Amino acid sequence: MSADLHLMGRLEEGPSGLFLLLRTGDGGVWELEARRSTRGLIGCQVEVVGRRAGFNGLVCDQIWPAGQSRPRRSKFNLEYLLVGAFVAYGLITTLAGLAGYFG
């Protein structure tokens, strides 16, 4: 993965998923890996921040309507919640097993 890119263009949906048509006249197209909530912006001019993946792929961190200020990044990370739940489940089952063994 490379450094963050900040691109502007029109969000469109194609047969393989979402893509970004750049606003510049060079006809650039980026294939986006984005969340489902982004689908409400299809057909709109947007700004995208993400990391390059492959030749024309972009793993999106944020997508928002062009011309608006960049939204604050969410401090809540679902991956950390899932890992925490998995660790807590392992700890609880271990303690329950020990209680059954010695109880």
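Because the structure is predicted, anything quoted here is derived from the model rather than measured.

Colleague: Whenever I open this one, the overall build of the protein confuses me. Can you help?
Modeller: Across its full length, the protein carries one helix and five strands. Along the protein, helices and strands appear, N-terminal first, in the series β-β-β-β-β-α. The C-alpha atoms of the protein give 20 Å as radius of gyration, which overshoots the globular expectation for 103 residues (13 Å, by more than 25%). With the C-alpha coordinates of the protein rotated into their principal frame, the extents come out at 75 × 30 × 25 Å.

Colleague: Just to check I follow, could you spell out the side chain of Glu47 for this structure?
Modeller: As for its placement among the helices and strands, Glu47 is situated in strand β4 (residues 45–53). A polar atom in the side chain of Glu47 sits 3.3 Å from the backbone nitrogen of Gly67.

Colleague: Got a minute to help me understand the confidence of the model for the protein in this structure?
Modeller: Parts of the prediction with low pLDDT should not have their coordinates interpreted in detail. On average, residues of the protein score 85 in pLDDT, and 90% of them are at 70 or above. By mean pLDDT, strand β2 (residues 17–22) is the weakest element of the protein at 87, and helix α1 (residues 78–102) is the strongest at 92.

Colleague: Can you help me understand the pattern of salt bridges in this one?
Modeller: Pairing between side chains of opposite charge can happen when the charged atoms of each approach one another. Within the structure shown, the criterion is met by three salt bridges. The closest approach of N and O atoms between Arg10 and Glu12, which form a salt bridge, is 2.4 Å. The closest approach of N and O atoms between Glu13 and Arg39, which form a salt bridge, is 2.9 Å. Note that Glu13 is positioned in strand β1 (residues 4–14) and Arg39 in the loop between β3 (29–33) and β4, a separation of 26 residues in sequence. Judged by relative accessible area, which is 40%, Arg39 ranks as partly exposed.

Colleague: Is there a simple way to think about the sheet that holds β4 in this case?
Modeller: Overall, mixed pairing links the five strands, which are arranged β1-β2-β3-β5-β4 in a closed barrel. With direction set aside, neighbouring strand axes in the sheet form an average angle of 55°.

Colleague: Even after reading the chapter, I still don't get the nonpolar core, so can you show me in this structure?
Modeller: Across soluble globular proteins, nonpolar side chains have a tendency to be buried as a group. Formed by Leu7, Leu11, Leu18, Leu20, Trp30, Leu32, Leu41, Val46, Val48, Leu58, Cys60 and Ile63, the largest nonpolar core amounts to twelve residues. Those elements that place two or more of their residues in this core are β1, β2, β3, β4 and β5 (57–65). Discounting chain neighbours no more than four positions away, the residues touching Leu32 are Leu11, Leu18, Phe19, Leu20, Leu58, Cys60 and Ile63.

Basis of the calculations
Per-chain numbering applies: the sequence of each chain, read as written, is numbered from 1 onward. For this predicted model, a pLDDT threshold of at least 70 governs which residues receive local features, and a threshold of 80 or more governs which side-chain atom pairs are given and counted, while totals over whole chains, interfaces and linings are taken from all residues. Water and hydrogen atoms were dropped before computing side-chain values, which therefore reflect all heavy atoms in the structure. Numbered from the N terminus, helices here are DSSP runs of H or I no shorter than four residues, and strands are runs of E no shorter than two. Each radius of gyration is computed over the set of C-alpha atoms, and the globule rule expresses the reference value as 2.2 Å times the number of residues to the power 0.38. Nitrogen and oxygen atoms within 3.5 Å of one another constitute a polar contact, given that in protein one can donate a hydrogen and the other can accept it, and given that sequence-neighbouring residues count only through two side-chain atoms. The pLDDT value expresses, per residue, how confident the predictor is, ranging between 0 and 100. Counted as salt bridges are all cases of a side-chain nitrogen of Lys or Arg within 4 Å of a carboxyl oxygen of Asp or Glu. Only protein chains enter the accessibility calculation, which uses a 1.4 Å probe; a residue is then buried when its area is under 20% of its type maximum, exposed when over 50%, and partly exposed in between. Each pair of strands is called paired provided DSSP finds at least two bridges between the two strands. Fitted lines through C-alpha atoms serve as axes, helices being fitted only where they are in contact, and the angles separating the N-to-C directions of these axes extend from 0 to 180 degrees. We define the nonpolar core as a collection of buried residues of types Ala, Val, Leu, Ile, Met, Phe, Trp, Tyr and Cys that are connected through side-chain atoms lying within 4.5 Å of one another. Here, two residues are considered to be in contact whenever any of their heavy atoms come within 4.5 Å of each other.

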